[in-house]
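# Topology and contacts: notes
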Amino acid sequence: MSWEDGFHFELPDETRAIADVARTFAQGKVLPEAARLDREHAFPQALVDEMGTLGFMGMSCPELYGGTESSTVAYCMVIEELAAACASTSIIMSAHNSLCVAPIASFGTEAQKTTYLPGLASGAQLGCFALSEPGVGSDAASLSCSVRREGDSYIVQGAKNWITNGPKADVVVLFAMQDASKGSKGVSAFVHPLDLPGVSRGKAEDKLGIRGSPTCGLTYDGVRLGKEHLLGNEGDGFRIAMQTLNGGRLGVAAQAIGIARAALRDALAYAQQRCTFGKPISQHQMIQHYLAEMITRIDAARYLTLSAAHRKDRGETYIREAAMAKLFASEAASYCADRGLQIHGGYGYVTDYPAERHLRDARITEIYEGTSEIQRLVIAGQLLKEWQG
Ligand code: CAA
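Residues numbered from 1 in each chain as written. Predicted model: local features only at pLDDT ≥ 70, side-chain atom pairs only at ≥ 80, totals over all residues. Heavy atoms only, no water.

### A word on the overall build of the protein
For the protein, the count of helices and strands is 10 helices and 10 strands. The C-alpha radius of gyration of the protein comes to 21 Å, within 12% of the 21 Å expected for a compact globule of 389 residues. Based on the C-alpha atoms only, the size of the protein along its principal axes is roughly 80 × 55 × 40 Å. Counting all 389 residues of the protein, 56% fall into the buried class. For the protein, the proportion of contacts with a sequence separation of at least 24, taken over those separated by at least 6, is 75%. Of the roughly 16600 Å² of accessible surface on the protein, a fraction of 54% belongs to carbon and sulfur atoms. Charge centroids of the protein, computed over 37 positive and 44 negative side chains, lie 4 Å from each other. (Helix = DSSP H or I, 4+ residues; strand = E, 2+ residues; numbered from the N terminus. Rg over C-alpha atoms; globule rule 2.2 N^0.38 Å. Buried < 20%, exposed > 50% of the residue type's maximum accessible area, 1.4 Å probe, protein only. Contact = heavy atoms within 4.5 Å. Areas by Shrake-Rupley, 256 points an atom, 1.4 Å probe, with all protein chains shown as cover. Lys, Arg positive; Asp, Glu negative; His and termini not counted. Charge placed at Lys NZ, Arg CZ, Asp CG, Glu CD.)

Now the structure itself:
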């Protein structure tokens, strides 16, 4: 038992075993690559291939279609381990599972599942999710990328933005507005391969952090999709997007915990070897105050996240709990990365130490899959619905 095993509820042996495999892989193979991936903006193809072999790319996929069909608790624990080694690698795996594999598994037809899931679950193919647009992020029901029926086909026109995995993905779950007069009920969802005529990818974004995780926009220029690409029924798109994001938020919460853990790990190591005023800085009360705050927030974030994941596994509603986990964990990650950097002093501000990378990586967790402002809206909205008086 180490300070990193801060969750002491009873967990099935199988869940602990999966997390152990993830920790061994993450610390042995992912961590040594993390600085280079960040520096070179490099996509970790070899690590993705190995995550496919380990079953991590199919954690949200039923065994019937080649996945490992893990519990959400195990899924979160694996993401945390990956993120404690490399935030980029963790979000590649998490966006693929949460935002592409999961909606196909939950809402796809039998034909869609057999077409897409085996390749995605093995890691041979990579998935992504296209909801946001250049002019639409938080207000997800106001999409301007449009789709219209033409006989048995659907014609898609418009642009999507901030697509995690976009530059490398093979399959996308797409959301487009079919009938703007119906608002959120006018959105339809599709799943299709990305190599269709009329689909083009924008430049890979030059981001502050998670620089090994590639992001781009997509342009749809009169793209013709067939009925076989429609996910759910016409008009189901917003519901599919929201339910998908509920699950995705747990993945981002787990990622944030992993980043926070990395920041604390590095700060602890530094604070014990760096001396000022004749003693290691870990012996100074101000530094101890930061370390105490960091571990407390990490453990609290993990309890929130695994408790919400457990609700999902039990089939209970978890919308508020997932939003609370993401909100708290992402703000904890930013706090821990910031204090971790502060503990390093000037060394925290240069790239010789990973402290500055943790701060850059943490920041996105407060933005993607719903900003902290949106999480607060979701939490309050659900609370008011739950309030019985
Ligand atoms: N879970 C399930 N259902 C939900 C839901 C949720 N979290 N949120 C809303 N719904 C349902 C509502 O119950 C309602 O259903 P009915 O019509 O049947 O009553 C319907 O959806 C419409 O709900 P609202 O009226 O509340 O919708 P709204 O337009 O006011 O928006 C919102 C609500 C919470 C702000 C929503 O737009 C939202 O979550 N926005 C954030 C979007 C987001 O997270 N974007 C991230 C992009 S993905 C990404 O980051 C890319 C990547 O690659 C990482």
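### Considering the nonpolar core
Ranked by internal contacts, the top residues of the largest apolar core, which has 68 residues, are Phe56, Met93 and Ile343. For this core, the element with the highest residue contribution is helix H6 (residues 237-273), accounting for 13 residues. If we ignore the near neighbours within four places in the chain, the residues touching methionine 93 are Met51, Phe56, Met57, Met59, Tyr75, Val78, Ile79 and Leu82. In terms of nonpolar packing, the next biggest core, distinct from the first, is built from 29 residues, Val101, Ala105, Tyr116 and Ala140 among them. (Core = buried A, V, L, I, M, F, W, Y, C linked by side-chain atoms within 4.5 Å.)

### Concerning the side chain of arginine 360
Relative to the helices and strands, arginine 360 is located in helix H9 (residues 355-363). Of note is the side chain of arginine 360, whose polar atom sits 2.8 Å from the side chain of aspartate 38. Ignoring any residue separated from it by four or fewer positions in sequence, one finds arginine 360 in contact with Asp38, Leu208, Gly209 and Arg211. (Polar contact = N/O pair within 3.5 Å; in protein donor to acceptor, adjacent residues only side chain to side chain.)

### What about the site of the ligand?
In the neighbourhood of the ligand, 23 residues make up the surrounding shell, with Ser138, Lys185, Asn246, Arg249 and Glu369 lying closest. Interatomic distance of 3.0 Å between a side-chain N/O atom of threonine 164 and an oxygen atom of the ligand. One of the backbone N or O atoms of glutamate 369 is found 2.8 Å from an oxygen atom in the ligand. Within the complex, the protein chains bury 69% of what would otherwise be the 1100 Å² of accessible surface of the ligand. Among the secondary structure elements, those contributing two or more residues to the shell around the ligand are strand S3 (153-164), H6 and helix H10 (372-386). With five residues, H6 is the largest single contributor of residues to the shell around the ligand. Residues that form the shell around the ligand fall into these classes: 12 nonpolar, seven polar and four charged. Per-domain counts for the shell around the ligand show at least three residues from each of domain 2 (128-233) and domain 3 (239-384). (Near = heavy atom within 4 Å. Nonpolar A, V, L, I, M, F, W, Y, C, P; charged D, E, K, R; others polar. Domains from an automatic or database assignment.)

### Some points on the packing of aromatic side chains
Tallied over the entire structure, the rule returns six aromatic pairs. Pairing phenylalanine 129 with phenylalanine 175 gives two aromatic rings, centres 5.0 Å apart and planes at 65°, and the pair type is edge-to-face. Taken as a pair, phenylalanine 129 in strand S1 (residues 127-130) and phenylalanine 175 in strand S4 (residues 171-177) lie far apart in primary sequence, 46 residues in all. An identical accessibility class is assigned to phenylalanine 129 and phenylalanine 175; each is buried. (Phe/Tyr/Trp six-rings, centres within 6.5 Å; stacked < 30°, edge-to-face > 60°.)

### Remarks on the pairing of strand S5 (residues 187-193)
A large share of S5 lies buried, amounting to six of its seven residues. Looking at chain direction, S4 and S5 are connected through seven bridges and run antiparallel. The residue bridging valine 172 from the neighbouring strand is histidine 192, located in S5. Of the pairings in the sheet, the one linking S5 to strand S8 (residues 230-231) comprises two bridges and is antiparallel in character. When the bridges of S8 are listed, phenylalanine 190 appears paired with leucine 230. (Pairing = 2+ DSSP bridges.)

### A word on helix H8 (residues 319-344)
With 26 residues, H8 should cover 38 Å at 1.5 Å per step; its first-to-last C-alpha distance of 38 Å lies within 8% of that length. With 20 of 26 residues buried, H8 lies mostly within the body of the structure. Downstream of H8 by a residue or two, glycine 345 has a phi angle that is positive, lying close to 55°. (Expected span 1.5 Å × (residues − 1).)

### Focus: a nonpolar patch on the surface
A cluster of nonpolar side chains, namely Tyr347, Tyr349 and Val350, defines an oily patch on the protein surface of about 360 Å² accessible area. Considering the arrangement of structural elements, one finds tyrosine 347 in the loop between H8 and H9. When its relative accessible area of 41% is taken as the criterion, tyrosine 347 is described as partly exposed. (Patch = residues over 30% accessible without salt bridge, like charges linked within 9 Å, V, L, I, M, F, W, Y side chains within 5 Å. Salt bridge = Lys/Arg side-chain N within 4 Å of Asp/Glu carboxyl O.)

### Overview of the pattern of salt bridges
Taken as a whole, this structure holds 29 salt bridges when the rule is applied. Here aspartate 38 and arginine 360 are joined by a salt bridge, their closest N and O atoms 2.8 Å apart. With a gap of 322 residues between them, aspartate 38 in helix H1 (residues 13-40) and arginine 360 in helix H9 connect regions that are remote in the sequence. The same class applies to aspartate 38 and to arginine 360, which are both buried. Here lysine 227 ties to aspartate 152 by a salt bridge, and the two come within 3.6 Å at their closest N and O atoms. Remark: aspartate 152 occurs in the loop between strand S2 (146-150) and S3 and lysine 227 occurs in the loop between strand S7 (215-226) and S8; sequence separation between them is 75 residues. Owing to a relative accessible area of 47%, lysine 227 belongs among the partly exposed residues under this scheme. Salt bridges sharing partners connect three or more residues here, namely Arg23, Glu80, Glu81, Arg261, Asp299 and Arg302.

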